[in-house]
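Coordinate inspection notes
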Amino acid sequence: MPGFAPPVADERTALTAYLAHQRRALRVTAYGLTEEQARLTPSASELSIGGLIKHAARCEAFWTDLILQRPREVQRSADESDADEFTLAPDETLAGALAAHAAAAERTDAVIAGIPDLGRAVPVPQGLPWFPAEVREWSVRWVLLHLIEETARHGGHADVIRESIDGATLYPLLATAERWPDPWFQPWNPRP
C-alpha cells in the first residue's frame, strides 16, 4: 500500500511498521539529490537532509545501545553545541549517511525482534540534563515510540528542506523512488 504503513495485527508489528514507515519517509527526502544539495541549509536553521539522516542514524544507534545496556561514548555537555550532529563533515557523504542509517535500522529491528517483552525496563542515563532526573527507567515500548517520534520530527524537517531545494514533496518522491504502478499524481522529475 504505497505511502502508508501496512495494516497490522499486534502492537509489536504496529510499532516496528510505523518506525519503518517513518524511516522510509526520511530517507526518500534524499532521493535524487546531489552531494551538494544534501548539504544545503535553505531554511532558517542549520539543518540539511544529509545531516538529518546522519543524526537519525546516530540517534537510533544510541537508543539501541540503551536497550542493550551497552556503554556509550561520553555525551556532550549541556553547554556544547550539537551542530556537528546535524551536518555532514567534509569527509562524510550522503551515501555514507544513508548506509549508516540503514545499518542502524537493521540493528534496531534485530534487537527488537529478540526482545520477548516490550515492557522490559531500559535504564535512563543519569546526570545528563536532557534526561529527566526523576525517571529511572523507560520500557522498550517507550523507546520505540520515541524513535517513531524522533524520526517523524526530522522527516518533517527534511520535507521542508527538500521542497525548498527543488520543490519535491513526499508522495511524488516515493512514487518515483519505488516505481509505484499507476500513481494518483505526477511522479517527481528533477527540474531541468
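Note: the structure precedes this text.
Residues numbered from 1 in each chain as written. Predicted model: local features only at pLDDT ≥ 70, side-chain atom pairs only at ≥ 80, totals over all residues. Heavy atoms only, no water.

Focus: the packing of aromatic side chains
- As enumerated under the stated definition, the model contains eight aromatic pairs in all.
- When the ring of tyrosine 31 is compared with that of tryptophan 188, the centres are 5.8 Å apart and the planes differ by 80 degrees; the resulting orientation is edge-to-face. You can see tyrosine 31 sitting in the loop between α1 (11-28) and α2 (35-39) and its partner tryptophan 188 sitting in the segment after α6 (170-177), a full 157 residues away along the chain.
- Accessibility expressed as a relative area gives 34% for tyrosine 31, which makes it partly exposed. (Phe/Tyr/Trp six-rings, centres within 6.5 Å; stacked < 30°, edge-to-face > 60°. Helix = DSSP H or I, 4+ residues; strand = E, 2+ residues; numbered from the N terminus. Buried < 20%, exposed > 50% of the residue type's maximum accessible area, 1.4 Å probe, protein only.)

Notes on the environment of proline 190
- Tracing the chain through its elements places proline 190 in the segment after α6.
- Under the relative-accessibility criterion, proline 190 is labelled exposed at 54%.
- Spatially, the C-alpha atom of proline 190 lies 9.2 Å from that of glycine 167, the residues being 23 residues apart in sequence.

Concerning the side chain of threonine 29
- Within the secondary structure, threonine 29 sits in the loop between α1 and α2.
- In terms of polar contacts, threonine 29 uses its side chain to reach the backbone carbonyl oxygen of leucine 26, at 2.6 Å.
- If near-sequence neighbours (up to four positions away) are discounted, threonine 29 is found in contact with Ile49, Ala158, Asp159, Arg162 and Leu173. (Polar contact = N/O pair within 3.5 Å; in protein donor to acceptor, adjacent residues only side chain to side chain. Contact = heavy atoms within 4.5 Å.)

Regarding unusual backbone geometry
- With a phi close to 60 degrees, glutamine 69 is a non-glycine residue in the positive phi region.
- Along the chain, glutamine 69 turns up in the loop between α3 (49-68) and α4 (94-113).
- Looking at glutamine 69, the relative accessible area reads 53%, which means it is exposed.
- Although it is not a glycine, arginine 179 sits at a positive phi angle of roughly 55 degrees.
- Topologically, arginine 179 is positioned in the segment after α6.
- Under the relative-accessibility criterion, arginine 179 is labelled exposed at 71%.

Here's the deal with the layout of surface pockets
- When its volume is computed, the second largest pocket comes out at roughly 160 Å³.
- What lines the second largest pocket is simply Arg24, Arg27, Val28, Ala30, Tyr31, Leu98 and Ala177.
- With three residues, α1 is the largest single contributor of residues to the lining of the second largest pocket.
- Looking at the lining of the second largest pocket residue by residue, the classes come out as five nonpolar, no polar and two charged. (1 Å grid on protein atoms, 1.4 Å probe; cavity = no way out; pocket = protein on both sides within 12 Å on 5 of 7 lines; lining within 4 Å. Points joined across faces, edges and corners; volume = space filled by probe spheres on them. Nonpolar A, V, L, I, M, F, W, Y, C, P; charged D, E, K, R; others polar.)

Re α4
- Across its 20 residues, α4 extends 28 Å between first and last C-alpha, which sits within 8% of the 28 Å expected from 1.5 Å per residue.
- Three or more residues of α4 are buried, namely Leu94, Ala97, Leu98, His101, Ala104, Ala105, Thr108, Val111 and Ile112. Across the axial projection of α4, the buried residues extend over an arc of 155 degrees, all falling on one side. Exposed side chains of α4 directed beyond 90 degrees from the buried face belong to Ala95, Glu106, Ala110 and Ala113.
- Tucked inside the fold, the buried residues of α4 contact α1, α2, α3 and α5 (140-166). (Expected span 1.5 Å × (residues − 1). Arc of directions from axis to C-beta.)

Remarks on the packing of α1 against α5
- At a closest axis distance of 8 Å, the pairing of α1 and α5 adopts a crossing angle of 20 degrees. Judged on the interaxial angle alone, α5 and α1 are roughly parallel. For the element pair α1 and α5, the recorded crossing hand is left-handed. Residues Glu11, Leu15, Tyr18, Leu19, Gln22, Arg23, Leu26 and Val28 of α1 touch α5, and the partners they reach there are Arg141, Leu144, Leu145, Leu147, Ile148, Thr151, Ala152, His154, Gly155, Ala158 and Arg162.
- Looking at the contact of α1 with α5, its residues break down into 11 nonpolar, four polar and four charged. (Axes fitted to C-alpha atoms, helices over the stretch in contact; angles between N-to-C directions. Parallel < 35°, antiparallel > 145°, perpendicular 65-115°, else oblique. Left-handed = near helix turned anticlockwise from the far one by under 90°.)

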